[in-house]
Amino acid sequence: MEPIRPSRGKARGRPQFPTIQPGVSNLPPQGIRGPRPTISQPIPSSQPLQTPVTGTMPRPPRPMPPRPTGAPQQRAPRPLGPRPGMSTDNLPRPGMSTDNLPRPGMSTDNLPRTGMSTDNLQRPGIFSDNVPRPGMSADTAALKQDPMAGVQQITEGLKNLGAGDALVPLGRGAVRGRRQIDLEHFRTPRPQSSLGDIGKQGTSGQPVKLLANYFPITSYTNWCLYQYRVDFNPEEDRISTKRGLLAQHRELLGGYLFDGTMLFSGTRFDPSTFELTSSRRQDDQIVIITVKFTNVIETGDYANIQVFNLLLRNCLRHLKLTLIGRNFYDPDAKIDMAQHKLQLWPGYETTIGRYEDNILLCAEISTKVMRQETVLDFLNQCAADRNRNKDWMINFKSGVVGTTVMTKYNNETYRIDDIDENSDPNSEFSKKDGSKMTYIQYYKEKWNITIRGGRQPMLISKNKKSVRRFGAEDTLVYLVPELCIMTGITDAMRNNFTLMKDMAIHTRVNPKERMERLTNFANRLLSTPDSVTELKRWNLTLSNKLVELTGRTLQPEPIQSRSKGYNGGEEADWTKHLRSLPMFTSATVKNWTILAPKDCCREVEAFAQSLSKAAQGMTFVLPRPVIFPMVDGRSNTFLNDLEKVINESNPSLILCVIPSARGDIYSMIKRKLCIDRAVPSQVVLLKNVQKNNLSVCTKIAIQINCKLGGAPWLVTIPKKGMMIVGFDVCHDSQRKNISFGALVSTMNDAHTSYFSCVEPHESGEELSVHFATGISKALAKYRAKNGALPTSIIVYRDGVGEGQISHVHKTEVRLLQTACEQFYGATSVPLAFVIVTKRISARFFAPSNRGPENPRPGTIIDSVVTDPTKYDFFLVSQHVRQGTVTPTHYQVIEDTLRLPPDIMQRLTFKLTHMYYNWSGTVRVPAPCQLAHKLAFLTGQSLRRSPNIGLDELLYFL
């Protein structure tokens, strides 16, 4: 952890960070990891510890109770973590490990679940069940005359549904206001529709034997654990040092687990609060350790599973793996890519969780990209061009801000939010005792590192582990560029075909090799002596055999063109059928225009003919376009010529040929035609025009048809009157505090007609109100087009982390229901709300005579590795030709529609066939993918809500 200091309030727009000058006070260095001190003899304590009492447990060990199918686990409330009157200095420091167990008084719903990327974790929002719904009335007659009337009124009413005064868990047991949290607020109940005789399992499809990347925990002790809070005085922020100080009393404490704040032991100590005295090796500082009993954790408690995870991480440390971020990596097995100045560190994502029948260890291989350059190296590269490029500092900032760096000295990772040009390593900060020191002195004293890079602007990382959405003041971490290694890959690297091809050799692992690497990992865990000793100490037995389960593979989905039906076969790809058959519906194009630089008009003419020929093969008539020659391909030329073309001919569509893949020209064109003038547009690179490839022309012709209201194919969904909604969020590329929530909904029974809208919101605003506003607009539009409201609604919600699910259920679902009541009255409308999660660790393998293979598209997994407290399932919907296929996880959190689980699964698979940009299945339902596409276009290029004149067209494909 680095020197930190509090921010001085929030500025409007882009955050303005305070600059540091010599002599300006800021918080002292904290949270720094150091070498583990040698364990010394404990110094006699001022308050001796009594002999541990082992025979007076208040709760005897008990066997794990059977878990009824689908019943959510109920738990007793925990006592609060912080002691009354405790100094807030004991609350979590920025940069402290988040690999910890649930704190007293904190909902365990906020902890990462197995198979989930913890990079996505965010805190749930504030909510209150007791907030009264406003008594808003809607004039139905007026609404029928004006389809959008009342939407604004409903929006204003929704804003009145405030967050209430409920508490927000801040982590580490800290609660703003020190009041008791009601754990019921954080538990999402499993919908009743999944609690019938068949539970949440479907029946359709062919059973298939599968293996999953989970290892069974074959035995464990049904013991009680006692949880103690451990505080250090003077305070120590380095977890490794804390472990060393506590280890000086290992003989007295016996076997225990310690995560930096909480100690877990099978022994109930007497007295319940006691002090120990240790000596810090670096400076012989006497440290008083206060240990206070807080809780009993019994077998079956969710917190018990988190203890298993803590134990697992202790075992991984014995494998000589390096902890970077939240995962462990093996530097000894690193792969050098010298030609690209990169290293690939192989590693593992691991977590233990409770599943349908057993406790399982989920293990997935991971790769960390380590660049062989520091931020200072990149600064020098940019500065070398300062004579020719006056904007070199802007280029440096754009290349660093938003990226993740790793500090050389403790392998901590930080996201860079800004750069302070007015501070450098010679700048001073204030220590706890009021004295001042420079960053150069600090790193020399603490880490024995000499900073040699001279003047270099300090990097700023905002501590985002706090609940920033709810007004908590940000904390700034200052980093030295010379000591920060750049990680990850840049956009320039992604566009480097050779680099990505070379990297894919190591990162795209086929099922057979992945299974071998996972099995080797389990064997390594079970054969390393220290790891084996740790597991035996806690009587935990791990199998090295992957879990076996039975899934179901649905039949290929029938697809309909205008004249005949077909399907995508085992690979779920129907490109060959699409090129030779008429599209389901074709738009009518009266006139369209191509804008292109004048020196390539002949090539554009040939391209237009090929485009017309490709469209004709699919019975889509594209008349001869008007080709408008431009003087050059500059931004201003495009801007002026677009305005001229629209005023003169008002074309149905404008196709722009741009010389190179410059994002600024693309964004300018899209802003002009999606915000100012509402004209569907297509942007094509000049090199693709020159290649004149018929396959490319076919895809462009399909896109043009979709952007003008046509539909290339149809997948039949029998249920009538259903509106299917997709929702996703994307951040503004320049204004980090602005996000755009995009909603896309179907408008007819064929689900080929769409409505879309985008609602911007600031990071401090509540997203739920904007989501409900979008639903209100979609319902008004549906009624205007069909003469009646939909009889049922299904929402597929993307962009939700595990820790946000309870918040989404408490706020978004409730506001969705409130918005629907304005249209339907008190009876409202049957609806289902489904969370879609793409970033998961679960992988599945299908054994065959040729060895392990990827499951076929349409494979459903709804047992063994699903969560017994949820209505959830996995779906493998797409075919991949390289590597291992990644399934998508679906969780139904609200279901008054009460579709049978089998119908819900089949409907979801059908919807993965309906994304018109790809003649095959995609990873998520089409409305979700369309919402992502729209949110991404808005956040990256438009940065404003699009023109409502386009809201019934798929102009964003």
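A brief look at the structure comes next. Because the structure is predicted, anything quoted here is derived from the model rather than measured.

### Structural notes on the packing of aromatic side chains
With the rule as written, the count across this model stands at 22 aromatic pairs. On the numbers, 5.6 Å between centres and 80° between planes, the contact of Phe 269 with Phe 274 is edge-to-face. Classification of Phe 274 as buried rests on a relative accessible area of 1%. Taken together, a centroid distance of 6.5 Å and an interplanar angle of 85° make the contact between Tyr 796 and Tyr 890 edge-to-face. On the criterion of sequence distance, the pair formed by Tyr 796 in strand β33 (residues 792-797) and Tyr 890 in strand β38 (residues 888-895) is long-range, its members being 94 residues apart. For the pair Tyr 796 and Tyr 890, one class covers both residues: buried. One aromatic cluster is present, built from ring pairs that chain together Tyr 409, Phe 429, Tyr 439, Tyr 442, Tyr 443, Trp 447 and Tyr 478. The ring of Phe 293 is capped by Arg 268, whose NZ or CZ atom sits 3.9 Å from the centre of that ring.

### Points about the pairing of strand β34 (residues 831-837)
Walk down a regular strand and you will see the side chains alternate between the two sheet faces. β34 sits mainly inside the fold: 7 of its 7 residues count as buried. Sheet analysis places β33 next to β34, joined by 5 bridges and oriented parallel. Across the sheet, the residue bridging to Ile 794 is Ala 832, located in β34. Note that the unit made of β33, helix α20 (residues 805-824) and β34 has a crossover that is right-handed. In terms of strand pairing, β34 meets β38 through 6 bridges, oriented antiparallel. Residue pairing for β38: Val 834 is matched across the bridge by Val 892.

### Structural notes on the sheet that holds strand β7 (residues 273-280)
Within a beta sheet, neighbouring strands are joined by backbone hydrogen bonds and run either parallel or antiparallel to one another. Spatially, β5-β6-β4-β8-β7 is the arrangement adopted by the 5 strands of the open sheet, whose pairing is antiparallel. Strands with a single pairing partner mark the edges of an open sheet, and in this sheet they are β5 (256-258) and β7. Put simply, the sheet's adjacent strands are angled 30° from each other on average, direction ignored. Strand direction decides the pairing type here: β7 and strand β8 (residues 285-297), joined by 8 bridges, are antiparallel. Note that in β8 the partner of Ser 279 across the bridge is Ile 286.

### Structural notes on the sheet that holds strand β26 (residues 592-597)
Spatially, β27-β26-β28-β29 is the arrangement adopted by the 4 strands of the open sheet, whose pairing is parallel. Of all strands in the sheet, those bounded by a partner on one side alone are β27 (626-630) and β29 (681-685). Across the sheet, the axes of successive neighbouring strands diverge by a mean angle of 20°, strand direction being ignored. In this structure, β26 lies alongside strand β28 (residues 653-658), joined through 4 bridges in parallel fashion. When the sheet's bridge partners are listed, Leu 595 is paired in β28 with Cys 656. With respect to the sheet, helix α14 (residues 601-617) is in contact with β26, β27, β28 and β29, its orientation differing from that of β26 by roughly 145°. This element, helix α18 (residues 694-707), spans β28 and β29 of the sheet and lies at about 160° to β29.

### Some words on the pattern of salt bridges
Under the definition given, this model contains 28 salt bridges. The partner of Asp 330 in a salt bridge is Arg 524, with the nearest N and O atoms 3.3 Å apart. You can see Asp 330 sitting in the loop between β10 (327-329) and β11 (335-337) and its partner Arg 524 sitting in helix α11 (residues 511-527), a full 194 residues away along the chain. The buried category is assigned to Asp 330, whose relative accessible area is 10%. Take Arg 524: its relative accessible area is 27%, and that puts it in the partly exposed class. One salt bridge connects Glu 513 with Arg 517, and the closest N-O pair in it is separated by 3.7 Å. Linking Glu 513 with Arg 517, this pair stays in helix α11, spanning 4 residues, or about one helical turn. Classification of Glu 513 as partly exposed rests on a relative accessible area of 33%. Among the charged side chains, a network of salt bridges with common partners joins Arg 552, Asp 862, Asp 902 and Arg 906.

### Observations regarding helix α10 (residues 497-507)
Listing the buried residues of α10 in full gives Leu 499, Met 503 and Ala 504. Projected onto a plane normal to the axis of α10, the buried residues spread over an arc of 135° and lie on a single side. Relative to its buried face, α10 has exposed residues pointing more than 90 degrees away, namely Phe 497, Lys 501 and Ile 505. Lining the buried residues of α10 we find β11, β12 (342-354), β13 (359-374) and α9 (491-494). A side-chain oxygen of the first residue of α10 lies 3.2 Å from the backbone nitrogen of Thr 498; this N-cap is Asn 496.

### Remarks on the nonpolar core
Judged by nonpolar contacts, the single largest core of 85 residues is most densely connected at Leu 611, Leu 655, Ile 704, Tyr 796, Met 904 and Leu 907. Looking at this core, the element that brings in the most residues is helix α22 (residues 926-942), giving 8 residues. Not counting residues within four places of it along the chain, the set of residues in contact with Ile 704 comprises Leu 611, Phe 620, Leu 622, Leu 653, Leu 655 and Gln 682. Judged by nonpolar contacts, the second largest core, of 39 residues, contains Met 262, Leu 312, Leu 316 and Tyr 348.

### Observations regarding α11
Owing to its 3.6 residues per turn, the α-helix aligns residues three or four sequence positions apart on the same side. Taking 1.5 Å per residue, 17 residues should reach 24 Å; α11 reaches 24 Å between its end C-alpha atoms and fits that length. The set of residues buried in α11 consists of Pro 511, Arg 514, Met 515, Leu 518, Phe 521, Ala 522 and Leu 525. In an axial view of α11, the angular spread of the buried residues amounts to 120°, which keeps them on one side of the axis. Regarding α11, its N-cap is Asn 510, as a side-chain oxygen of that residue lies 3.2 Å from the backbone nitrogen of Lys 512 further along.

### Overview of unusual backbone geometry
With an omega of 0°, the peptide bond running from Asn 233 to Pro 234 counts as cis. Note that Pro 234 resides in the loop between β4 (225-233) and α3 (239-247). Across the junction of Asp 270 and Pro 271, the peptide omega takes the value 5°, indicating a cis bond. Inspection of the secondary structure assignment puts Pro 271 in the loop between β6 (262-265) and β7. The backbone of Thr 619 sits at a positive phi, close to 55°, despite the residue not being glycine. Secondary-structure assignment places Thr 619 in the loop between α14 and β27. Here Thr 619 falls in the partly exposed class, since its relative accessible area comes to 38%. Of note in the backbone geometry, Arg 898 takes a positive phi value of approximately 60° without being a glycine. In this fold, Arg 898 is placed in the loop between β38 and α21 (901-911). Classification of Arg 898 by relative accessible area gives exposed; the value is 52%.

### Digging into the packing of α14 against α18
Taken N-terminus to C-terminus, the directions of α14 and α18 make an angle of 70°; their axes are 8 Å apart at the nearest point. Taken together, the axis directions place α14 and α18 in an arrangement best described as roughly perpendicular. Here the hand of the crossing between α14 and α18 comes out right-handed. Contact residues: Phe 607, Ser 610, Leu 611, Ala 614 and Ala 615 in α14; Leu 694, Cys 697, Thr 698, Ile 700, Ala 701 and Ile 704 in α18. Considering only residue class, the contact of α14 with α18 consists of 9 nonpolar, 2 polar and no charged.

### Remarks on the side chain of Glu 373
Here Glu 373 lies in strand β13. Within polar-contact distance, the side chain of Glu 373 engages the side chain of Gln 381 at 3.2 Å. Apart from the residues lying within four places of it in its own chain, the contact partners of Glu 373 are Phe 378, Gln 381, Cys 484, Ile 485 and Met 486.

### Observations regarding the packing of α11 against helix α12 (residues 529-537)
As a packed pair, α11 and α12 sit with axes 5 Å apart at the nearest point and diverge in direction by 75°. The angle between α11 and α12 falls in the class roughly perpendicular. Judged by residue contacts, Leu 525, Leu 526 and Ser 527 of α11 engage Pro 529, Ser 531, Val 532 and Leu 535 from α12. A breakdown of the residues in the contact of α11 with α12 according to their chemical character gives 5 nonpolar, 2 polar and no charged.

The rules behind these values
- By convention here, each chain's residues receive numbers from 1 onward along its written sequence.
- This being a predicted model, a pLDDT of at least 70 is required before a residue's local features are given, and a value of 80 or more before pairs of side-chain atoms are given or counted; all residues contribute to the totals for chains, interfaces and linings.
- Note that water and hydrogens are dropped before the side-chain values are worked out from all heavy atoms of the structure.
- Pairing of aromatic rings covers Phe, Tyr and Trp, the last through its six-membered ring, and needs centres within 6.5 Å; plane angles under 30 degrees mean stacked, over 60 mean edge-to-face, and all others mean tilted.
- Burial here depends on accessible area, computed with a 1.4 Å probe over protein chains only, as a share of the maximum for the residue type. Under 20% is buried, over 50% is exposed, and the range in between is partly exposed.
- Starting at the N terminus, helices and strands are each numbered in turn, a helix being any DSSP run of H or I of at least four residues and a strand any DSSP run of E of at least two.
- Charge-over-ring placement is defined geometrically: NZ (Lys) or CZ (Arg) within 6 Å of the ring centre, and within 35 degrees of the ring normal.
- Should DSSP find at least two bridges between two strands, the strands are regarded as paired.
- Crossover handedness is defined by viewing with both strands directed away from the observer: a clockwise path from the first strand over the helix to the second marks the crossover as right-handed.
- Lines fitted to C-alpha atoms define the axes, with helix axes restricted to the stretch in contact, and inter-axis angles between N-to-C directions lie between 0 and 180 degrees.
- Two residues qualify as a contact provided that any one of their heavy atoms is within 4.5 Å of a heavy atom in the partner residue.
- A pair is scored as a salt bridge if a Lys or Arg side-chain nitrogen falls within 4 Å of a carboxyl oxygen belonging to Asp or Glu.
- The arc in question is formed by the directions pointing from the helix axis toward the C-beta atoms.
- Here a polar contact is recorded for every N or O atom pair within 3.5 Å, except that within protein the pair must consist of a potential hydrogen donor and a potential acceptor, and residues adjacent in sequence are included only if both atoms are side-chain atoms.
- We define a nonpolar core as any set of buried Ala, Val, Leu, Ile, Met, Phe, Trp, Tyr and Cys residues linked to one another through side-chain atoms lying within 4.5 Å.
- Multiply 1.5 Å by the residue count of a helix minus one, and that product is the helix's expected span.
- Reported orientations rely on four angle classes, namely roughly parallel under 35 degrees, roughly antiparallel over 145, roughly perpendicular from 65 to 115, and oblique for the rest.
- The hand of a helix crossing depends on one turn: near helix anticlockwise from the far one by less than a right angle means left-handed, and clockwise means right-handed.
- Polar here means any residue outside two lists: the nonpolar Ala, Val, Leu, Ile, Met, Phe, Trp, Tyr, Cys and Pro, and the charged Asp, Glu, Lys and Arg; Gly therefore counts as polar.

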